[in-house]
Amino acid sequence: GDSVTQTEGLVTLTKGLPVMLNCTYQTTYSPFLFWYVQHLNEAPKLLLKSSTDNKRTEHQGFYATLHKSSSSFHLQKSSVQLSDSALYFCALSAASSGSWQLIFGSGTQLTVMP
Amino acid sequence: GGIITQTPKFLIGQEGQKLTLKCQQNFNHDTMYWYRQDSGKGLRLIYYSITENDLQKGDLSEGYDASREKKSSFSLTVTSAQKNEMAVFLCASRDRSSAETLYFGSGTRLTVL
């Protein structure tokens, strides 16, 4: 079945350093990938989305490129800020069984230190 | 812009108790979802509804009931709360006009004593 894998549960970095959060997926359908961010005690919010192969998508300094050849949609930022500390979810749009669902990875907690 | 409101924000129950969580959205979205968020396990789908009075089970539906009496509201009932259960329940609605983006409420945090 469809699935999403996020390999890092916890990432801790110092402010100003680059970050890459891994996301790989498995599906037999044409993939549509999302990154959601959830700050402490807040609702998850959409950060990025893409269904176009090999095209970089950017928002709020974060970027990701969907690579269908490797089934990946890694999230990157060149210089993290304290305000980037949050829980990040990768998600896959799946239209299996005739109904649309969003399948989430287990999430990566990013903590940025001063 | 719209908003999704979940009530209550915090819910404390006793083992075996029936507990109801409520969700309201003013986006006028057709489809609504209930997810359970456990630490280290991502978001797991409990129930969803594609229109008023429709209910569809997700992977985690056992132990829960849902109700969609109006387009704008979607309720979730924990039929028998389990002792030491602790999770956050997130309600969401889906915007089909915006590449299937989900909009979430800020959640109900459940603690069972």
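Above this note sits the structure.
For the structure given in this document, a descriptive report is provided here. This one's a predicted model, so the numbers in the text were calculated from it and none came from an experiment.

### Some details on the pairing of strand E6 (residues 45-50) of chain A
A regular strand carries its side chains on alternate faces of the sheet.
All names here are of chain A.
So, point 1. Bridge count between strand E5 (residues 32-38) and E6: five bridges; the pairing is antiparallel. Bridge pairing in E6 places Trp-35 opposite Leu-48.
So, point 2. Between E5 and E6, which pair antiparallel one after the other, the connecting turn spans six residues, and Asn-41 there sits at a positive phi close to 65 degrees.

### Notes on the side chain of Thr77(B)
All names here are of chain B.
So, point 1. Here Thr-77 shows up in strand E8 (residues 73-78).
So, point 2. A polar atom in the side chain of Thr-77 sits 3.2 Å from the side chain of Thr-20.
So, point 3. Those residues in contact with Thr-77 that lie beyond four places of it in its chain are Lys-18, Leu-19, Thr-20, Gly-63, Tyr-64 and Asp-65.

### Things to note about the sheet that holds E8(B)
Residue and element names in this part refer to chain B.
So, point 1. Taking strand neighbours across the sheet as the criterion, the four strands line up as E1-E3-E8-E7 in an open arrangement whose pairing is antiparallel. Each edge of the sheet is formed by a strand with only one pairing partner; in this case those strands are strand E1 (4-7) and strand E7 (64-70). Averaged over all neighbouring strand pairs, the angle between strand axes comes to 15 degrees, with direction disregarded.
So, point 2. Sheet topology places E7 next to E8; five bridges connect them, and they run antiparallel. Bridge pairing in E8 links Lys-70 to Ser-73.

### What about the environment of Trp34(B)?
So, point 1. For Trp34(B), the position within the fold is in strand E4 (residues 31-37).
So, point 2. When the C-alpha positions of Trp34(B) and Asp95(B) are compared, they lie 15 Å apart, and in sequence the two are 61 residues distant.

### Considering the nonpolar core
Residue and element names in this part refer to chain A.
So, point 1. In this structure, Leu-33, Trp-35, Leu-47, Leu-75 and Tyr-88 are the most contacted members of the largest nonpolar core, which totals 24 residues.
So, point 2. Listed by contribution, the elements that provide at least two residues to this core are strand E2 (10-14), strand E3 (19-21), E5, E6, strand E8 (62-65), strand E10 (86-94) and strand E12 (108-113).
So, point 3. Considering each element in turn, this core owes the most residues, four residues, to E10.
So, point 4. Beyond its immediate sequence surroundings of up to four residues, Leu-33 is in contact with Cys-23, Tyr-25, Leu-48, Lys-49, Ser-50, Leu-66, Phe-73, Cys-90, Ala-91 and Leu-92.

### Description of unusual backbone geometry
So, point 1. Along the chain, Thr7(B) connects to Pro8(B) via a cis peptide bond; the corresponding omega equals -10 degrees.
So, point 2. Inspection of the secondary structure assignment puts Pro8(B) in the loop between E1 and strand E2 (10-13).
So, point 3. A positive phi angle is found at Asn41(A), which is not glycine, with a value near 65 degrees.
So, point 4. By the secondary structure assignment, Asn41(A) is in the loop between E5 and E6.
So, point 5. Residues other than glycine seldom take positive phi values, yet Gln60(A) does so here, at roughly 55 degrees.

### Side note on the interface of chain A and chain B
The extent of an interface is frequently quoted as the accessible surface area lost upon association of the parts.
So, point 1. At the interface, 19 residues of chain A touch 20 residues of chain B.
So, point 2. It is Pro44(A), Trp100(A) and Phe104(A) that lose the most area in chain A upon contact with chain B, and together they represent 36% of the buried surface on that side.
So, point 3. Here chain A and chain B share zero salt bridges between them.
So, point 4. Here chain A and chain B share five residue pairs in polar contact (both at pLDDT 80 or more) between them.
So, point 5. Counting only elements with at least two residues in the side of chain A that touches chain B, the list comes to E5, E6, E10 and strand E11 (101-104) of chain A.

### Remarks on the state of the cysteines
Put plainly, a disulfide is one covalent bond tying together the sulfur atoms of two cysteines.
So, point 1. The full count for this structure, using the stated rule, is two disulfides over all chains.
So, point 2. The partner cysteine of Cys23(A) in its disulfide is Cys90(A), sulfur to sulfur 1.9 Å. Between Cys23(A) and Cys90(A), the S-S torsion sits near -60 degrees, and that sign places the bridge as left-handed. Of this pair, Cys23(A) sits in the loop between E3 and strand E4 (24-26) while Cys90(A) is found in strand E10, placing the two residues 67 residues apart along the sequence.
So, point 3. Cys23(A) gets classed as buried once you look at its relative accessible area, which sits at 0%.
So, point 4. When its relative accessible area of 0% is taken as the criterion, Cys90(A) is described as buried.
So, point 5. Across a sulfur-sulfur distance of 1.9 Å, Cys23(B) and Cys91(B) are joined as a disulfide pair. Judged by the sign of its S-S torsion, about -75 degrees, the cystine formed by Cys23(B) and Cys91(B) is left-handed. Of this pair, Cys23(B) sits in strand E3 (residues 19-25) while Cys91(B) is found in strand E9 (residues 86-95), placing the two residues 68 residues apart along the sequence.
So, point 6. Judged by relative accessible area, which is 1%, Cys23(B) ranks as buried.

About the thresholds
- Residues numbered from 1 in each chain as written.
- Chains lettered and ligands numbered in written order.
- Predicted model: local features only at pLDDT ≥ 70, side-chain atom pairs only at ≥ 80, totals over all residues.
- Heavy atoms only, no water.
- Pairing = 2+ DSSP bridges.
- Helix = DSSP H or I, 4+ residues; strand = E, 2+ residues; numbered from the N terminus.
- Polar contact = N/O pair within 3.5 Å; in protein donor to acceptor, adjacent residues only side chain to side chain.
- Contact = heavy atoms within 4.5 Å.
- Axes fitted to C-alpha atoms, helices over the stretch in contact; angles between N-to-C directions.
- Core = buried A, V, L, I, M, F, W, Y, C linked by side-chain atoms within 4.5 Å.
- Buried < 20%, exposed > 50% of the residue type's maximum accessible area, 1.4 Å probe, protein only.
- Buried area = accessible area lost by both parts, 1.4 Å probe.
- Salt bridge = Lys/Arg side-chain N within 4 Å of Asp/Glu carboxyl O.
- Disulfide = S-S within 2.5 Å.

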